[in-house]
Amino acid sequence: MEIIRSIDDMKTLDSSVVTVGNYDGIHLGHQDVLKHIISVGKNENIPSCLITFDPNPAYILSKSSKPMNLQDIDSKLAVLEEMGLDKVLVIPFTLNFSRMSAEDFSDNVIKKLFNPKLISVGENHYFGFNKKGDLAFLTDFCHKNEIELHTPEIRMLNGKPISSTLTRGLIYDGLLDQVPSLLGKFYGFNVVTVHGSNRGKSMNYPTANFIPLSKYQMIPEGGVYLSRVFIDGEYYFGMTNIGYRPTFNEKKFVMEVHILSDKFSDLYDESFYIEFLHKIRNEKKFESRDYLIKQIEDDKEVCIKLIDSFKEKYEV
């Protein structure tokens, strides 16, 4: 898969099939679009292409730094390559670029650079200044330029359209076991270990403290989770705590994982990928260290009981 990092570096194509969008998380609706253009591209012997943006336009348009990405750009590109996409144009999204009109974007980027035979987008897709490039605009653009327009049937979950926003809502609410219904996989991200206070080790539950590789990565709400860690081609189930460790009156936000396997030593000074499978409980303050240890023991039993059900249900 060829990755182009700016509009200026994009060489004009004789023909292509194209989709446009942020594609955060690459949920099942996104996958429907991507699979279609990849299939058409192969059948027509022309490149299948995605025009996407980095960073997420929401950070520029809202001036918010609150982490909300379902995946970083490198993870997104890795998934796209695995799916079989041919080319990705990653446009650096700036305030100046956000002011480009839908007309300019469709004429000078989509048409001029990609010469698309087909464009595929979701029904709720839009682009351009003030979101003018909606489906009605794109329908008219495609008609005028004799381009086929494809819009897949909207995927639904419990009466709601599958979207990145809906996925974020499930993660924020701690409903991690429902996320595969939207993404086709569990929610996870790349992390790196950092030095902690060694509290877990002092309670015979050694943990590895970690932070996301991307500062924009969305973090599940505070609590205890059954998780899964991928490292060196192997995976291990774990018990992950997210929060402020209120029993010890700490104010620093911490993410830490305890591996539920005797075959594994530690994760110190390692980078790894972690998935969140199921929320066990909310974070709470205990009367004493002993009460906390007893709760951790109970949490571990719950996690171990869940592991077999997850292996059977999800073939993990």
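Located above this text is the structure these notes cover.
All of the points below concern the structure found in this document. (Residues numbered from 1 in each chain as written. Predicted model: local features only at pLDDT ≥ 70, side-chain atom pairs only at ≥ 80, totals over all residues. Heavy atoms only, no water.)

1. Focus on the overall build of the protein chain
Then step 1. Summing up its helical and strand segments, the protein chain has 10 helices and 14 strands in all.
Then step 2. When its C-alpha atoms are laid out on the principal axes, the protein chain stretches across 70 × 40 × 40 Å.
Then step 3. The 316 residues of the protein chain split such that 50% are buried.
Then step 4. Sequence separation of at least 24 residues holds for 72% of the intrachain contacts in the protein chain that already meet a minimum separation of 6.
Then step 5. For the protein chain, the accessible area works out to roughly 16300 Å², and carbon and sulfur atoms hold 48% of it.
Then step 6. With 37 positive and 44 negative side-chain charges, the protein chain shows a spacing of 5 Å between the two charge centroids. (Helix = DSSP H or I, 4+ residues; strand = E, 2+ residues; numbered from the N terminus. Buried < 20%, exposed > 50% of the residue type's maximum accessible area, 1.4 Å probe, protein only. Contact = heavy atoms within 4.5 Å. Areas by Shrake-Rupley, 256 points an atom, 1.4 Å probe, with all protein chains shown as cover. Lys, Arg positive; Asp, Glu negative; His and termini not counted. Charge placed at Lys NZ, Arg CZ, Asp CG, Glu CD.)

2. So, the state of the cysteines
Then step 1. Scanning all chains against the criterion turns up 0 disulfides.
Then step 2. Note on Cys-49: no disulfide assigned, nearest cysteine sulfur contributed by Cys-142 at a separation of 15 Å.
Then step 3. Overall, Cys-49 belongs to the buried group, its relative accessible area being 0%. (Disulfide = S-S within 2.5 Å.)

3. Here's the deal with the pattern of salt bridges
Then step 1. Scanning the entire structure with this criterion turns up 10 salt bridges.
Then step 2. For Arg-168, the salt bridge is made with Asp-24, and the minimal N-O distance between the two is 2.8 Å. On the criterion of sequence distance, the pair formed by Arg-168 in helix H7 (residues 164-172) and Asp-24 in the loop between strand S2 (16-20) and helix H1 (28-44) is long-range, its members being 144 residues apart.
Then step 3. Taking relative accessible area as the criterion, Asp-24 reaches 3% and is therefore assigned buried.
Then step 4. As a salt-bridge pair, Glu-221 and Lys-279 come within 2.3 Å of each other at their nearest N and O atoms. With Glu-221 in the loop between strand S10 (208-212) and strand S11 (223-231) and Lys-279 in strand S14 (residues 271-281), this residue pair connects regions lying 58 residues apart in the sequence. (Salt bridge = Lys/Arg side-chain N within 4 Å of Asp/Glu carboxyl O.)

4. Side note on the packing of aromatic side chains
Then step 1. Following the criterion strictly, the structure yields 16 aromatic pairs and no others.
Then step 2. On the numbers, 6.0 Å between centres and 45° between planes, the contact of Phe-53 with Phe-97 is tilted. Of this pair, Phe-53 sits in strand S3 (residues 48-54) while Phe-97 is found in helix H4 (residues 95-98), placing the two residues 44 residues apart along the sequence.
Then step 3. Take Phe-53: its relative accessible area is 9%, and that puts it in the buried class.
Then step 4. Look at Phe-97 and you get buried, because its relative accessible area is 13%.
Then step 5. Measuring from ring centre to ring centre gives 6.2 Å for Phe-97 and Phe-105, while their planes differ by 80°; the resulting arrangement is edge-to-face. (Phe/Tyr/Trp six-rings, centres within 6.5 Å; stacked < 30°, edge-to-face > 60°.)

5. Considering the pairing of strand S4 (residues 87-92)
Then step 1. Counting buried residues along S4, 5 of its 6 residues qualify, which places the element largely inside the surrounding structure.
Then step 2. Relative to S4, strand S1 (residues 2-4) runs parallel, the two sharing 3 bridges. Looking at S4, one finds that Ile-4 is bridged to Leu-89.
Then step 3. The sheet contact formed by S3 and S4 spans 6 bridges and is parallel. What sits directly across from Ile-51, in S4, is Leu-89. (Pairing = 2+ DSSP bridges.)

6. Quick notes on H1
Then step 1. Across its 17 residues, H1 extends 24 Å between first and last C-alpha, which sits within 8% of the 24 Å expected from 1.5 Å per residue.
Then step 2. Listed in full, the buried residues belonging to H1 are Leu-28, Gly-29, His-30, Gln-31, Val-33, Leu-34, Ile-37, Ile-38, Val-40 and Gly-41.
Then step 3. Buried-residue contacts for H1 involve S2, S3, helix H3 (73-83), strand S5 (116-120), H7 and helix H8 (180-183).
Then step 4. Directly beyond the C-terminal end of H1, a positive phi value near 60° is found at Asn-45. (Expected span 1.5 Å × (residues − 1).)

7. Some points on the side chain of His-150
Then step 1. For His-150, the location among the structural elements is in strand S6 (residues 148-150).
Then step 2. Look at His-150 and you get buried, because its relative accessible area is 17%.
Then step 3. Other than its neighbours up to four places away in sequence, His-150 contacts His-36, Leu-118, Ile-119, Ser-120 and Val-121.

8. A word on unusual backbone geometry
Then step 1. Residues Asp-54 and Pro-55 are joined by a peptide bond in cis, for which omega reads 5°.
Then step 2. Relative to the elements of secondary structure, Pro-55 occurs in the loop between S3 and helix H2 (57-61).
Then step 3. Positive phi outside glycine occurs at Ile-26, with the angle close to 45°.
Then step 4. Along the chain, Ile-26 falls in the loop between S2 and H1.
Then step 5. With a phi close to 60°, Asn-45 is a non-glycine residue in the positive phi region.
Then step 6. Structurally, Asn-45 can be placed in the loop between H1 and S3.

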